[in-house]
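# A look at the structure
Here's the letter readout for the chains.
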Amino acid sequence: MSAHNRGTELDLSWISKIQVNQPAVLRRAEQIHARRTVKKEWQAAWLLKAVTFIDLTTLSGDDTSSNIQRLCYKAKYPIREDLLKALNMQDKGITTAAVCVYPARVCDAVKALKAAGCTIPVAAVATGFPAGQTHLKTRLEEIRLAVEDGAMEIDVVINRTLVLTGQWEVLYDEIRQFRKACGEAHLKTILATGELGSLTNVYKASMIAMMAGSDFIKTSTGKETVNATFPVAIVMLRAIRDFFWKTGNKVGFKPAGGIRSAKDSLAWLSLIKEELGDEWLKPELFRIGASALLSDIERQIYHHVTGRYAAYHDLPMS
Amino acid sequence: MATTRPESRVREIFSTMDYGPAPESHACALAWLDTQDRLLGHYVNGKWLKPKDRTSVPCQDPVTGENLASCLQAQAKDVAAAAEAARTALESWRALPGASRAQHLIRLAKMIQKHQRLLWTLESLVTGRAVREVRDRDVPLAQQLLQYHATQAYTQEEALSGWEPMGVIGLIVPPTFSLLEMMWRICPALAVGCTVVVLVPPASPAPLLLAQLAGELGRFPGILNVVSGPPSMGRVLASQPGVQKVAFCGDIQEGQALRWTLAGLGPELGLALGAESVMLLMEVADVDSAVEGVVDAAWSDRSPGGLRLLVQESVWDDTMRRLRARMGRLRVGRGLDGAVDMGTRGAAARDLAQHYVLKAQSQGAQVFQAGDVPSVSPFFPPTLVCDLPPASPCAQTEVPWPLVVASPFRTAKEALAMANGTPRGGSASVWSERLGQALELGHRLRMGTVWINAHGLRDPAVPTGGCKWSGSSWHGGLDGMYEYLQPSGTPARMPYFCENLNYDTFGLAVPSNVPAGPETGPSSAAPYGLFVGGRFQAPGTRSSRPIQDSHGNLHGYVAEGGAKDIRGAVEAAHQAAPGWVDQSPGARAALLWALAAALERRESALTSKLERHGVEFKAAKVEVELSMRRLRAWGSRAQAQGPCPQAAELRGPVLRLREPLGVLAIVCPDEWPLLAFVSLLAPALAYGNTVVLVPSGACPILALDVCQDMITLLPAGLVNVVTGDRDHLTRCLALHQDVQALWYFGSAQGSQFVERASTGNLKPVWVSRGCPRAWDQEAEGAGPDLELRAARTKALWLPMGD
């Protein structure tokens, strides 16, 4: 993974003048699907690329070491090897970008990945995921414990209360402390955009999170009613670009929640390409938080290679 | 089971992450052309018309240059056949109940739905426009247009009683405009009961396909006829018997040429010209979204023209940086590719753009071009032109596709002056997050359409039009329907063309006047002078013309006005305009009512003066009374707001504003010296215009009498009355570039002159063509067509959301 975003001093003038026009952003969002399309070999290559962006996720109450192990194995072998061979891609080391679990399952995941002999990082959600409504002290402790267990990336949720009441300084300080608690681990800040009230707040929260040193900003926990949507993504990507133009620091972006089809993932890739450029099309700067997406991509690859639609049992489960 | 394909390029693409070709198959378009043996004729009366011995033009793929088909060029005979078919079909079509016409339109919408792939691939293949735009916007909108106008036809008897269809409509569509522009005009025409002949440029198969689809519905084959031919056929089409209106959309120069050639030919001319758009970007805008607005406006194959971008100086650098970054990601390529933003418009459009760029550079402008553009012709990259000196010739001309010409401004007031300071008045968008500012700008822009924080939205229910050179015809909404309607009982328009009318000398000389004998009869006591700027002034010529009564005796002298007096009157009217526009309709009504009361006080004097001019006592009394009623009626009517359109695709309202035309010149008829004067003046004032008026030539004294009351009642300059030689004054008004509209009631020759002279600033003109009008009848003296002509519509789009 790339170097950390060191962040900057809090500068509220960066967010005070911002204007986001929601209907105009919606119109832009509607065009993403229509303006770009990739076909045939381009589609196959783009889909394989999408696989390498996936944070393969399981965040359920009934997670145990056995399904974590299965997930980790799927992360290592996301696409059936004969399909990769057919595309002459078997030696490209295609794996998902990370495995994302609850803090208590980090040990299981680290162990399973070690057994599989790979270096895929384990990401842990933390800080009172998904609501963030616990004391700061316990939230910080949660990060430290997850890092101790071997998590290389920490997906923290912000305190929405601070955004809705406009306490930007406090929000900045909290994320600063998250950053410190992470140590060498990467900090991915979940904005829970479905609960921020307006696109203007989304922009402001994005900017604060980046100033405070987040390596990634992430749309949602996957547990809110509204998850990763294009309008929200457009606003966050514009914030990332503005932050890059101001500081020279590249911050990553992670949409999560509701991205299930291969077609959707292609639209997300072209959105990144259009708004930020090819430099952002790498796992260090772009992730997709998903669980069901991978199997749909595998089905599409299967179809591309064989010309047939796969049966359910043709592809290994995760 | 899966075998390795060594030729696979997946590896390479995986590392570059480039876009690849995403061609949309156009096999069905070629298959359709094959059904015509690759030879397209005209579609007339439900049948293909492929006459022998006609020259043909190749229809080419604009990218590859491949010959797709040959298209026959129409001759006068073919146009006549199409007009004949439309005339025949008109009888049964206009007689149908609206509900049946609605049904037919719905069937056509379904037909388009069934063959939409053919329609969009053919249109994209031939025009070179991005297929995404045709497929996702044009074709659905074409269906919505049919749907909307079908519902309007359904309620026509009820909602549009008092109106009847005009008759056969000639529509002239130039090559740069799409199939959709044709749909915008044929839908309302067909809905209200007109039939249509469309003249399309050679090598445009999509309109022919549409006509075929309509023809294959079986019934009413002659309602839509399409002939393809050179522009010279436009005059032939306009001269066909039965053609009541010619609608033209396209280039400004071509529109002017058409206005010139069609003067006196009979059909009314509806012009919708130019394609340039304007964008105002204020410092409190969402700049990133505004940049997307620029992409929509200029680099998306949506608009046929370029964009004039005005940016507040405080956000200029930021805007330019974002704009350039965005431009770098645009993709240009074959229209049928599913992953391009912009296609091509062929070599002519490219040369025009290239010519403008070179000229701008030579005048000191900076030109920035970017985007992923194939190096082969005929593509042209998205282009941004900055630092063009405002006084350079380039800055005055229309910005062509796909250029954006950006200039900075300091204040909102300056932005308005710059945006309004062009002879074009089509569409504009305002980008500002301050509601008050956005609405103020939206109101003050002299444009047909203003979008707030959006650009290029269209909807069948919203009228689209323009002012100044952009023409004064409308499409969409109710205004679009009125274009093809006339008040019931209007006589058919006949040609009144006068071969020997000399445009150079018409009304040029003022006859010299000499004393005309003793004044007899009761003292006229008419005020002497021209009523200009709120007071009576001596005419520039310092001479007078005698006015005789019905017995041939001298009634009195009126001032002989001339060119300088007209100039002064127009200036005075312009000075009065801002104050009058800002008055509420209620305040205007109050003044009209006060004027009516003044007329009442003068009743006996006015009656006796009318009697002296040969009007019987009873009739004279009626004329004065009716005049009072007109003033009061128009005062009240102007307060009623028209219906607000509801756009289907928009969250938020669209305001349909009725705005004054500006300085309106009126040449009153000779007959009804008081009533016609008041009937024309009242609606003009009620809708906020300021007026320069030439009263009845035979009896101008009554109008001058009324002016005496205006001195105290009305703001100075609101109404200016100039007496004198009517032909001469008409000439001065018609040729005045700063008169925004002209109503002429007089001779056929004068009408023809007015029509032709209006070519200069394309002011909307309304001429009587030498036909008298029954001013005492409600339908003609105070009809709804006066209301339509006294104001212009502006659509103000207000998207909402947070």
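Criteria and thresholds
- Per-chain numbering applies: the sequence of each chain, read as written, is numbered from 1 onward.
- As a convention, the first chain written is A and the first ligand written is 1, with the rest following in written order.
- It should be noted that, the model being predicted, local features are given only for residues of pLDDT at least 70 and side-chain atom pairs only at 80 or more, the latter also being counted only at that level, while totals for whole chains, interfaces and linings use all residues.
- Calculated side-chain values reflect all of the structure's heavy atoms, with hydrogen atoms and water omitted.
- UniProt positions are given in the numbering used here, feature names are shortened, and annotations may be inferred rather than shown by experiment.
- Think of it this way: any DSSP run of H or I at least four residues long counts as a helix, any run of E at least two long counts as a strand, and we number them from the N terminus.
- It is over C-alpha atoms that the radius of gyration is taken, and the globule rule equals 2.2 Å times the number of residues to the power 0.38.
- Burial classes: relative accessible area under 20% of the type maximum marks a residue as buried, over 50% as exposed, and values in between as partly exposed (1.4 Å probe, protein chains only).
- Given a helix with a known number of residues, its expected span is that number minus one, times 1.5 Å.
- In what follows, a contact means two residues having at least one pair of non-hydrogen atoms within 4.5 Å.
- By convention, the term buried area covers the 1.4 Å-probe accessible surface removed from two parts as they join, with the contributions of both added.
- The rule for a salt bridge is simple: a side-chain nitrogen of Lys or Arg has to be within 4 Å of a carboxyl oxygen of Asp or Glu.
- Between N or O atoms, a polar contact is any pair within 3.5 Å; within protein, one atom must be a potential hydrogen donor and the other a potential acceptor, and residues adjacent in sequence are included only when both atoms are from side chains.
- Residue polarity is assigned by list, with Asp, Glu, Lys and Arg as charged and Ala, Val, Leu, Ile, Met, Phe, Trp, Tyr, Cys and Pro as nonpolar; anything else, Gly included, falls into the polar class.
- Note on aromatic pairs: the rings of Phe, Tyr and Trp (six-membered ring only in Trp) are paired at centre separations within 6.5 Å, and the planes decide the class, stacked below 30 degrees, edge-to-face beyond 60, tilted for the rest.
- Put simply, buried Ala, Val, Leu, Ile, Met, Phe, Trp, Tyr and Cys residues joined by side-chain atoms within 4.5 Å make one nonpolar core.
- Domain extents, as shown, originate in an automatic or database domain assignment.
- By definition, two strands form a pair when at least two bridges between them are found by DSSP.
- Between N-to-C directions, angles span 0 to 180 degrees; the directions come from axes that are lines fitted to C-alpha atoms, helices contributing only their stretch in contact.
- To sort the angles, those under 35 degrees are grouped as roughly parallel, those over 145 as roughly antiparallel, those from 65 to 115 as roughly perpendicular, and the leftovers as oblique.

As annotated in an unreviewed UniProt entry, chain B is Aldehyde dehydrogenase family 16 member A1 from Rousettus aegyptiacus. Comment text from UniProt for chain B, heading Sequence similarities (unreviewed entry), reads "Belongs to the aldehyde dehydrogenase family." The UniProt entry for chain B carries the following text under Subunit (unreviewed entry): "Interacts with SPG21."

An unreviewed UniProt entry lists chain A under the name Deoxyribose-phosphate aldolase, from Rousettus aegyptiacus. Here chain A is described in UniProt, under the heading Subunit (unreviewed entry), as follows: "Interacts with YBX1." Its UniProt record, at the heading Pathway (unreviewed entry), says of chain A: "Carbohydrate degradation; 2-deoxy-D-ribose 1-phosphate degradation; D-glyceraldehyde 3-phosphate and acetaldehyde from 2-deoxy-alpha-D-ribose 1-phosphate: step 2/2."

Moving on, we get to the overall build of chain A. When helices and strands are tallied, chain A shows 13 helices and eight strands. Against the globule reference of 20 Å for 318 residues, chain A gives a C-alpha radius of gyration of 19 Å, in line with a compact fold. Along the first, second and third principal axes, the C-alpha set of chain A runs to 55 × 45 × 35 Å. Every one of the 318 residues in chain A was classed for burial, and the buried ones make up 61%.

The next point concerns helix α11 (residues 230-247) of chain A. All names here are of chain A. Relative to the 26 Å expected for 18 residues at 1.5 Å per residue, α11 spans 25 Å between its end C-alpha atoms, a close match to the ideal helical length. The element α11 is extensively covered by neighbouring structure, given that 14 of its 18 residues are classed as buried. Downstream of α11 by one or two residues, G248 has phi in the positive range, about 80 degrees.

With that settled, consider the environment of Y557(B). Residues and elements named next belong to chain B. Residue placement: Y557 occurs in strand β25 (residues 554-559). For Y557, a relative accessible area of 26% gives the class partly exposed. Taking the C-alpha atoms as reference points, Y557 and G529, 28 residues apart in sequence, are found 9.3 Å from one another.

Turning next to the interface of chain B and chain A. Chain B puts 53 residues into the contact, and the matching count from chain A is 52 residues. Carbon and sulfur atoms make up 52% of the area that chain B and chain A hide from each other, which totals about 4800 Å². Taken together, the links from chain B to chain A amount to seven salt bridges. One salt bridge connects E292(B) with R28(A), and the closest N-O pair in it is separated by 3.3 Å. Taken together, the links from chain B to chain A amount to 24 residue pairs in polar contact (both at pLDDT 80 or more). Mapped by element, the contributors of at least two residues to the side of chain B that touches chain A are α1 (10-16), α6 (131-154), α12 (287-298) and α13 (316-327) of chain B. The class makeup of the residues in the side of chain B that touches chain A is 22 nonpolar, 10 polar and 21 charged.

Okay, the packing of aromatic side chains next. Enumeration according to the criterion identifies 21 aromatic pairs over all chains in this entry. Ring geometry for F53(A) against F286(A): centres 5.1 Å apart, planes inclined by 70 degrees, an arrangement best described as edge-to-face. In this pair, F53(A) sits in the loop between α3 (40-51) and β1 (54-57) while F286(A) sits in the loop between α12 (262-275) and β8 (288-290), placing the two residues 233 residues apart along the sequence. With respect to burial, F53(A) and F286(A) carry one shared label: buried. Summarising the aromatic geometry, the rings of Y503(B) and F753(B) are spaced 6.2 Å apart at their centres and angled 25 degrees between planes, so their arrangement reads as stacked. Pair noted here: Y503(B) is in the loop between β21 (485-487) and β22 (530-532) and F753(B) is in helix α26 (residues 748-757), with a separation of 250 residues, a long-range link. Of the two residues, Y503(B) and F753(B), both sit in the buried class. Among the aromatic residues, those joined into a ring-pair cluster are F53(A), F230(A), F253(A), W268(A) and F286(A).

A few words on unusual backbone geometry. That bond from F129(A) to P130(A) is cis: its omega, 0 degrees, falls within 30 degrees of zero. With respect to the element layout, P130(A) can be found in the loop between β3 (122-126) and α7 (136-148). The amide bond that connects W401(B) to the next residue, P402(B), takes the cis arrangement and shows omega of -10 degrees. Looking at where P402(B) falls in the secondary structure, it is placed in the loop between α15 (393-396) and β16 (403-409). Positioned with a positive phi, R542(B) is a non-glycine residue whose angle comes to about 55 degrees.

Ranked by internal contacts, the top residues of the largest apolar core, which has 112 residues, are L48(A), I154(A), F253(A), W268(A), L269(A), I297(A) and I301(A). In contact with W268(A), not counting residues within four places along its chain, are A228(A), T229(A), F230(A), A233(A), F253(A), P255(A), I259(A) and F286(A).

We now examine the pattern of salt bridges. Counting across every chain of the model gives 72 salt bridges over all chains. The partner of R185(B) in a salt bridge is E181(B), with the nearest N and O atoms 3.0 Å apart. Linking R185(B) with E181(B), this pair stays in helix α8 (residues 179-192), spanning four residues, or about one helical turn. Among the residues examined, E181(B) registers a relative accessible area of 10% and is labelled buried. Note that R726(B) is salt-bridged to D670(B), the shortest N-O span being 3.8 Å. Taken together, the residues R726(B) in helix α25 (residues 726-735) and D670(B) in the loop between β27 (663-667) and α23 (675-686) connect sequence positions 56 residues apart. Accessibility expressed as a relative area gives 37% for D670(B), which makes it partly exposed. Sharing partners across several salt bridges, the network here consists of R28(A), R241(A), D242(A), E275(A), D288(B), E292(B), D318(B), R322(B) and R326(B).

What follows covers the domain arrangement of chain B. All names here are of chain B. As far as domains go, chain B holds domain 1 (26-273), domain 2 (277-457) and domain 3 (530-797). Tallying the contact residues gives 19 residues for domain 1 and 20 residues for domain 2. The contact between domain 1 and domain 2 buries some 1500 Å² in all, and 52% of this surface belongs to carbon and sulfur atoms. Ranking the residues of domain 1 by area buried against domain 2 places V63, R132 and R137 at the top, with a combined share of 29%. Where domain 1 touches domain 2, the interface holds two salt bridges. For R334, the salt bridge identified is with D61, shortest N-O distance 2.9 Å.

All names here are of chain B. Pairing is mixed across the open sheet formed by three strands, whose spatial order is β1-β5-β4. The open sheet has two edge strands with one neighbour each: β1 (39-40) and β4 (56-60). Here five bridges tie β4 to strand β5 (residues 67-72), and the two strands are oriented antiparallel to one another. Looking at β5, one finds that S56 is bridged to L72.

Another aspect to go through is the packing of helix α4 (residues 98-114) of chain B against α6(B). Residue and element names in this part refer to chain B. Two numbers describe how α4 lies on α6: the axes approach to 7 Å, and their chain directions differ by 170 degrees. As summarised for this structure, α4 and α6 are arranged roughly antiparallel, according to the angle between their axes. The segment α4 lies against α6, with G98, A99, A102, L105, I106, L108, A109, I112 and Q113 engaging V139, Q143, L146, Q147, H149, A150, A153 and Y154. In the contact of α4 with α6, the residues fall into 12 nonpolar, five polar and no charged.

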